[in-house]
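For reference, the chains in residue letters:
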Amino acid sequence: MSSVSIGVLGAGSWGTALALLLARNGHPVRLWGHRPAHLAQLAEARCNERYLPGVRFPDGLRVCPELEECVGASDPLLVVVPSQSYRATLSQANRYLPAGAGVVWATKGLEHGSGRFLHQVTAEVIGDKHPTAIVSGPSFAREVAADLPTAMTVASHAPGFAETVADLLHARSMRAYTSRDVVGVELGGAVKNALAIAAGISDGLGFGANARAALVTRGLAEMVRLGSAVGGRRETFMGLAGLGDLVLTCTDNQSRNRRFGLALGAGQDLDAARSTIGQVVEGAATAHEIMRLANQYDVDMPITEQVDRVVRGIRTPREAVETLLARDPKPE
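Please read all numbers here as calculations on a predicted model, not as lab measurements. (Residues numbered from 1 in each chain as written. Predicted model: local features only at pLDDT ≥ 70, side-chain atom pairs only at ≥ 80, totals over all residues. Heavy atoms only, no water.)

## Some details on the overall build of the protein chain
And step 1. The helix and strand inventory of the protein chain stands at 16 helices and 8 strands.
And step 2. Taking 20 Å as the expected radius of gyration for a compact globule of 332 residues, we find that the protein chain reaches 19 Å, a close match to that expectation.
And step 3. By its C-alpha atoms, the protein chain is 60 × 40 × 35 Å across when sized along the principal axes.
And step 4. Expressed as a percentage of its 332 residues, the buried residues of the protein chain come to 54%.
And step 5. With the model as given, the accessible surface of the protein chain reaches about 14,000 Å², and the carbon-plus-sulfur share is 49%.
And step 6. Of the charged side chains in the protein chain, 33 are positive and 33 negative; the average position of the first set lies 2 Å away from that of the second. (Helix = DSSP H or I, 4+ residues; strand = E, 2+ residues; numbered from the N terminus. Rg over C-alpha atoms; globule rule 2.2 N^0.38 Å. Buried < 20%, exposed > 50% of the residue type's maximum accessible area, 1.4 Å probe, protein only. Areas by Shrake-Rupley, 256 points an atom, 1.4 Å probe, with all protein chains shown as cover. Lys, Arg positive; Asp, Glu negative; His and termini not counted. Charge placed at Lys NZ, Arg CZ, Asp CG, Glu CD.)

Structure, rendered in structure tokens:
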């Protein structure tokens, strides 16, 4: 397709990786972040040495320290910031958003403090005059930046816009599928982060492959139960944004949520584990919002519940495991 001007808000690992992908596809891309000093380093080095060392920026990728300049010429705008910063960042950007410009987010999680889905937050901030979509699925930033084969899902209530975004992302090593199940795709991306912490804790405690497989499988059951209750489609949770992303984050140490769980299982306290990761651990805060939603819909989520209690300091990792193992047997 013909090139379009794209703004990317968020200069962390995932925002940078998506900016690299889009620029390699021939689109002029402006990359903005909230820390001027970090942006200055990116502009000088033409590389994000902190998060994606050794990956050079293509000529079409420009670091843009001014939010107004980045947003004002963008259609679509891609928001890739932690969920705790999503509303504030989008609210700032909305002042400069061109009329009718599309908004896409690659943020995974629920709004902190309210448990609201990000499509709800988006509608509250920018209204209903902009097409919107979410990008999700099993996709580590480092592998996308390295141009390794990846598949993702683009979900939108406007099928034509989902196809447009998928075309923007499509590349030799990137395959993007489309979906209308925005709620299901969002929920899958949120729940899998909490479950990855559980898998990390299990491995950190030395429980082995059997326990990890059980956590992934029963975690998927939790995802499907809650997802179905809030209106998601079962097939979504069996696809890239559900099972695919869950397997990825529970089994590979590129996942910061899994590494956070590993640190907790190995005996580090919460502060030390967060310091070890050095980036936002989405699942740590999202677990509580997932449980808020689960309680609202009366959905049983024992694994996620124990993750929430561990990351809030109510239970130790071993106590959480003992609680799960003490549950009464029941039909699968």
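## Structural notes on the pattern of salt bridges
And step 1. Applying the stated criterion across every chain yields a total of 15 salt bridges.
And step 2. Glu 332 is paired through a salt bridge with Arg 218; the nearest N and O atoms lie 3.9 Å apart. With Glu 332 in the segment after helix H16 (317–325) and Arg 218 in helix H9 (residues 208–229), this residue pair connects regions lying 114 residues apart in the sequence.
And step 3. Judged by relative accessible area, which is 79%, Glu 332 ranks as exposed.
And step 4. A relative accessible area of 29% places Arg 218 in the partly exposed class.
And step 5. Across the salt bridge formed by Glu 289 and Arg 292, the nearest N and O atoms sit 2.8 Å from each other. With Glu 289 and Arg 292 both in helix H14 (residues 282–296) and 3 residues apart, this pair spans about one turn of that helix.
And step 6. On the basis of relative accessible area, Arg 292 is assigned to the partly exposed category, the value being 37%.
And step 7. A cluster of three or more residues bridged by salt bridges with shared partners is formed by Arg 87, Glu 111, Arg 116 and Glu 124. (Salt bridge = Lys/Arg side-chain N within 4 Å of Asp/Glu carboxyl O.)

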